[in-house]
Amino acid sequence: MMWVLLWTDALVFALVAVIVTFVLYARKHEHMRAPWREVVRGRIAVAALVVLMTYTVTGLLDSVHFRKALPMQDGQQEVQYAGDVVSLLDGLLGDLATQVEKTYSAPFATTLYTRETVIAEDGTQQRIFPRLKYGGAHLADPVSERVGDIALRSLRALGEALLIILLLYALLSAWLGRRWNTGSAAAALRMLRGETDVPWRTALVTLFVFVFLAALIVNLASVWHVFGTDKVGKDVLYQTIKSIRTGLVIGTLTTLVMLPFAVFLGMMAGYFRGWVDDVIQYLYTTLNSIPGVLLIAASVLMMQVYMDTHPELFETMEERADLRLLFLCLILGITSWTGLCRLLRGETLKLRELEYVQAADAFGVAKATILMRHLLPNLMHLVLIAVVIDFSGLVLAEAVLSYVGVGVDATTMSWGNMINRARLEMAREPMVWWSLLAAFSFMFMLVLAANLFADAVRDAFDPRLRAQR
Amino acid sequence: MTQTLLQVDNLSVRIGNGDSAIRPVDGVSFEIRRGETFALLGESGCGKSMTALALLRLLPQPAGEIVSGSVRLDGEELLALTESGMRAVRGGRIAMIFQEPMTSLNPVMTVGAQIAESLEQHKNLRGEAARQRVLELLDDVGIPDAARRFGEYPHQLSGGMKQRVMIAIALAGDPDLLIADEPTTALDVTIQAQVLDLMRKLQREHGMAVLLITHDLGVVSEMADRIAVMYAGQLVEQAPRDVFFGKARHPYSKKLFAALPDSSKREQRLTVIPGTVPPLNQVFYACRFAERCERAWELCNRQQPDWFAVDAEQGVRCHLADPTLSPPTSSDEQDAVAVARSQPSTAPPQTLLEVNGLKIHFPIQRGLFKRVVGQVRAVDGIDLAIPSGQTLALVGESGCGKTTVGKGILQLLNVTAGSVCFESVELTQLKGEALRSRRSDFQIIFQDPYSSMNPRMSVGDIIEEGMIAQRIGAGKAERRQRVAKLLEQVGLRPEHIHRYPHEFSGGQRQRICIARALAVNPKLIVCDEPTSALDVSVQAQILNLLQDLQNELGLSFLFITHDLSVVAYLADRIAVMYLGRIVEEGNVEDVLENPRHPYTEALLSAVPRVNDGDGRKIIRLEGDLPSPSNPPTGCHFHPRCRHAQAQCSAEYPPVSEVSGTHQVRCYLWDRQTGSVPPE
């Protein structure tokens, strides 16, 4: 096995490291801890957080890539590796990637969605819906056994999910009981009654829903195509799950690209004023007045041409697709920093007149120190709010761009590509609806959770709302 | 018709739930009679405004709640009214004006429309009838040229004008009771005098009762018929004006008088009330004032005092007033501690700072290419000198440029012209590192203790910042030691070093700011209104601290303020500023007791005073401060001056020496022109 570190993987893990450092730092500073404590006290926020964490874990699992070693041939000295890069998530999903049917099949179908001409045993030609190779293949008589089989497997999934949640509940009770010095039984009771500050009950219920869904997938997906298959017979559920990483990468890495521009240029413009301000303002008004899609399309196409003329740069298909994804993040970041920059400039203009900044001036503190020590920490709440709110917008932007055709590489699995393909599928008769539905529901859940969470974050950090409490 | 207009019984308000619930009003009872002015006096955070809001049932929602009590207006229970019934009372029978005229008016509606809105609601007047009434009301509140002002927007009016419009809106419903919540706190003294005058006049004409909420003893003394003192959510004393100012009974009321700075207390420390108002999120089992009261004895810490009626009019909530008890006789009030002031020695003290012809102009830029179309002459040629170890007070109304002078001296603003000479070094010529290294010699303390510290830094880091920048102290440990020492010096505890600013009260924050300034061993400190955001009792603590520091460390202060009583207490010399120029300068006694410039005279007479009786004649100043971008020709003050002559509008008057230490810029005292000084 050979580990492969794609560009986006490296950046994703760097981002995780940054977040972990920030959390450790914030734990020690009361003024940063307090609003977060406020966030995790809201029920909706906690439910949204659980959803987001589930997506994040999936995305992270999908970011650990490797190439499998091929079996040694006789007389071979070096180990040869497979040409395709797979991730840990692929390993967990097992055969889902390889269970390819011939073409479209509906969710939980046992036959293809189209008639085919087959030659029957008696030699006559027949137009029938042939049985699937994998979906429901274990059943002898699909018509009578299908419902029973699905129900049984769902029931088993429910049992497993309950077991896991009860185990978690017990562990959590023990931990909290120790922390509160009440004993685990008392802690368990308090959680059950919903009397805790952090709504653990809500968290557990949401988690249960997800564990149940996961168990369903594990139990059903091995023998059924839960969301059907696409035109070339690939499992739609597999594609949807793999798309999670693309969505998250676009949502987070773009922010990473955007932040330095927005924060530093915004602060400089607001603090130094004069010609620095003029130049920066000129820059972002100009950038803002160019249609974003046009700029993105132009850059992505240029990149495409470059990559097509230099195939030797990439060892595998995945590396090529990955670079295009990274480039999309870059260009999205470069076009989207203007809003936050403008906001931060305005806030800095206000802050620089505050008396503590003038007091620092009166001490002869260096300008760079004033920027870092007095201005930046007091802008962080705005940055945080903007980042969380922008996230959902960027996930949606990916879908739109891929639909237009300037988004991620066609081989990258993403919700945008799925929706793009659904354009043709919806026009077909009979209609193929499951691709679109699957992509839509996964994306909807992520964006909704992100928006709800963003609301909670904004409420907790907004000083005006805080004053009312 | 009864005498009593409003009867409040045992009113209690709670905000929030659970452990953190605050009880800003806890069992308050009083009555207001027809046509009288009833003053509610107290420090910030003691529940005055909450009481007023509770009367109108306008408590912050959803947290606020009236827990118990009754409010009867003309015998009608307001707390039992429906919300729509209550709407007719608000603005109709009880009107309210707020502290901040800038934010109480809607900036996108014309003044006339805002008054008409109230008329339509309560008097059902529309169209031409409403317009006529609005013009009458504008006339009533003394706004000249009412017809033109009708169509103007709030931003076109000055602060005093806006407050007049607010009063006009309040009058529109013809209320029986006007609640005025700190109506003049945001205004300058001369404007305050105008507005108070107006309120008195209107009260007489309309026969309204006024509930005046204020922290200013001077305003109370001028306006009120009866006074109630509020402390930590309760009334502690209630008395008619003369009785209250003659013989207040509650220790807190007495202390409030003693804490007022004034020239007669120059040779002593101000009496302070130690500590601060206790937080109101607790259940009290003892007297709320006990821990700050020097006459408290064992009973006070054990039992809440009841309300004792001294006579029909006066009542007090204190164990001392309980006739059945015999409190330990105290050595009466603490003796005023005399302070050895740094007397100006016979040898002329060395001049620390000398400012000559200082000008600070801000260009007004217009258009695409930022063409300069004019100058705001914030500071327009002033001369100052501060001897070492002394205090110079710079006095003037807001907008006259006094803060700009302070910042210009510290080189925080670009000086347009003139020189600032500090220990014979010309500061305006210094650049970069040379200026940076001199910055430890002069420091500044700001007005607002809430915005002058970075909320994200701990107290230790805040105080240390200047030391790091000036490379004072070798190593962290040594600096930390010094921070701890400084904290003790300003009356805080060394263990406060790790706390954050929001954990401190206003007075404590101001102490931290002082410690921060002291950290770099300055010789001159510019104090920019350091006490105007603080309550009287806390103000006294800070003034005492500044006084002590000056005696101990030989500091010089440039004390920028609009509060003449503070000046009288603290300053050695005083310079009066008007529209970017100094109109009069001299020793404190000379200027305050024998003001020569008509502006100084008017300023002094406008300050509301305690115990001044009726002998005082207030000199009314008409109009507002002109704009510094377009000052009047000649003497800047002549459009508002009652002694203005022809030459006043022609040329700015030269300096006239009244005595060796007292200069004034006014033709009235100009020897050459030989005018006759007025009586």
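Residues numbered from 1 in each chain as written. Chains lettered and ligands numbered in written order. Predicted model: local features only at pLDDT ≥ 70, side-chain atom pairs only at ≥ 80, totals over all residues. Heavy atoms only, no water.

## Observations regarding the overall build of chain B
- Secondary structure assignment for chain B yields 20 helices and 24 strands.
- Relative to the compact-globule value of 26 Å for 679 residues, chain B shows a C-alpha radius of gyration of 27 Å, a close match.
- Reported as C-alpha extents along the three principal axes, the dimensions of chain B are approximately 75 × 65 × 55 Å.
- Across the 679 residues in chain B, those meeting the buried criterion constitute 55%. (Helix = DSSP H or I, 4+ residues; strand = E, 2+ residues; numbered from the N terminus. Rg over C-alpha atoms; globule rule 2.2 N^0.38 Å. Buried < 20%, exposed > 50% of the residue type's maximum accessible area, 1.4 Å probe, protein only.)

## Section: the overall build of chain A
- The secondary structure content of chain A amounts to 17 helices and five strands.
- C-alpha extents for chain A along the principal axes are approximately 100 × 65 × 55 Å.
- Looking at chain A as a whole, 45% of its 469 residues qualify as buried.
- In chain A, the share of contacts with a sequence separation of at least 24, taken over all contacts with a separation of at least 6, comes to 69%.
- Split by element, the accessible area of chain A, about 24100 Å² in all, is 67% carbon and sulfur.
- Put simply, chain A has 41 plus and 41 minus side-chain charges, and the middle of one group is 8 Å from the middle of the other. (Contact = heavy atoms within 4.5 Å. Areas by Shrake-Rupley, 256 points an atom, 1.4 Å probe, with all protein chains shown as cover. Lys, Arg positive; Asp, Glu negative; His and termini not counted. Charge placed at Lys NZ, Arg CZ, Asp CG, Glu CD.)

## Notes on the packing of helix 1 (residues 7-28) of chain A against helix 8 (residues 236-272) of chain A
Residue and element names in this part refer to chain A.
- One way to put it is that helix 1 packs onto helix 8 with a least axis distance of 10 Å and a crossing angle of 65 degrees. As summarised for this structure, helix 1 and helix 8 are arranged roughly perpendicular, according to the angle between their axes. In this structure, the crossing between helix 1 and helix 8 has a hand that is left-handed. Contacts between helix 1 and helix 8 involve T8, D9, L11, V12 and L15 from the first element and R245, V249, T252, L253 and L256 from the second. (Axes fitted to C-alpha atoms, helices over the stretch in contact; angles between N-to-C directions. Parallel < 35°, antiparallel > 145°, perpendicular 65-115°, else oblique. Left-handed = near helix turned anticlockwise from the far one by under 90°.)

## Structural notes on the confidence of the model for chain B
Residues and elements named next belong to chain B.
- Per-residue confidence for chain B gives a mean pLDDT of 84, with 94% of residues at or over 70.
- In the predicted structure, residues 331-335 sits below a pLDDT of 50 and forms six contacts with residues beyond four places in sequence or in another chain.
- Predicted complex metrics record ipTM = 0.77 and pTM = 0.79. (pLDDT = per-residue confidence, 0-100.)

## Looking at the domain arrangement of chain A
- Here chain A is partitioned into domain 1 (142-220) and domain 2 (235-468).
- Domain 1 of chain A and domain 2 of chain A are separated by 35 Å when their C-alpha centres are compared. (Domains from an automatic or database assignment.)

## Structural notes on the pattern of salt bridges
- Considering all chains together, one arrives at 47 salt bridges over all chains under this definition.
- The residue R373 of chain A makes a salt bridge to E465 of chain B at a minimum N-O spacing of 2.9 Å. Highlighted residues: R373 of chain A in helix 14 (residues 367-404) and E465 of chain B in helix 14 (residues 459-469), drawn from two different chains.
- With a relative accessible area of 4%, E465 of chain B lands in the buried category.
- Within this structure, D461, E464, K476, R479 and R480 of chain B form a network of salt bridges that share partners. (Salt bridge = Lys/Arg side-chain N within 4 Å of Asp/Glu carboxyl O.)

## A look at a nonpolar patch on the surface
All names here are of chain A.
- Together, L5, F13, V16, V20 and L24 make up an exposed nonpolar region whose accessible area comes to about 440 Å².
- In this structure, F13 sits in helix 1.
- Accessibility expressed as a relative area gives 34% for F13, which makes it partly exposed. (Patch = residues over 30% accessible without salt bridge, like charges linked within 9 Å, V, L, I, M, F, W, Y side chains within 5 Å.)

## Points about the packing of helix 5 (residues 142-180) of chain A against helix 6 (residues 184-193) of chain A
Residue and element names in this part refer to chain A.
- In the contact formed by helix 5 and helix 6, the axes pass within 7 Å of each other and the chain directions differ by 110 degrees. Looking at the two axes, helix 5 sits roughly perpendicular to helix 6. Handedness of the helix 5/helix 6 crossing: right-handed. Across the interface between the two elements, Y169, L172, S173, A174, L176, G177 and W180 of helix 5 pack against S184, A187, A188, L189, R190, M191 and L192 of helix 6.
- Grouping the constituent residues of the contact of helix 5 with helix 6 by class yields ten nonpolar, three polar and one charged. (Nonpolar A, V, L, I, M, F, W, Y, C, P; charged D, E, K, R; others polar.)

## Notes on the interface of chain A and chain B
- The interface is formed by 19 residues belonging to chain A together with 26 residues belonging to chain B.
- Taken together, the two surfaces of chain A and chain B that pack against each other cover about 2100 Å², and 55% of this comes from carbon and sulfur.
- Inspection of the region where chain A meets chain B yields 13 residue pairs in polar contact (both at pLDDT 80 or more).
- Residue contributions to the side of chain A that touches chain B peak at seven residues, all from helix 13 (residues 355-362) of chain A.
- By residue class, the composition of the side of chain A that touches chain B is eight nonpolar, seven polar and four charged. (Buried area = accessible area lost by both parts, 1.4 Å probe. Polar contact = N/O pair within 3.5 Å; in protein donor to acceptor, adjacent residues only side chain to side chain.)

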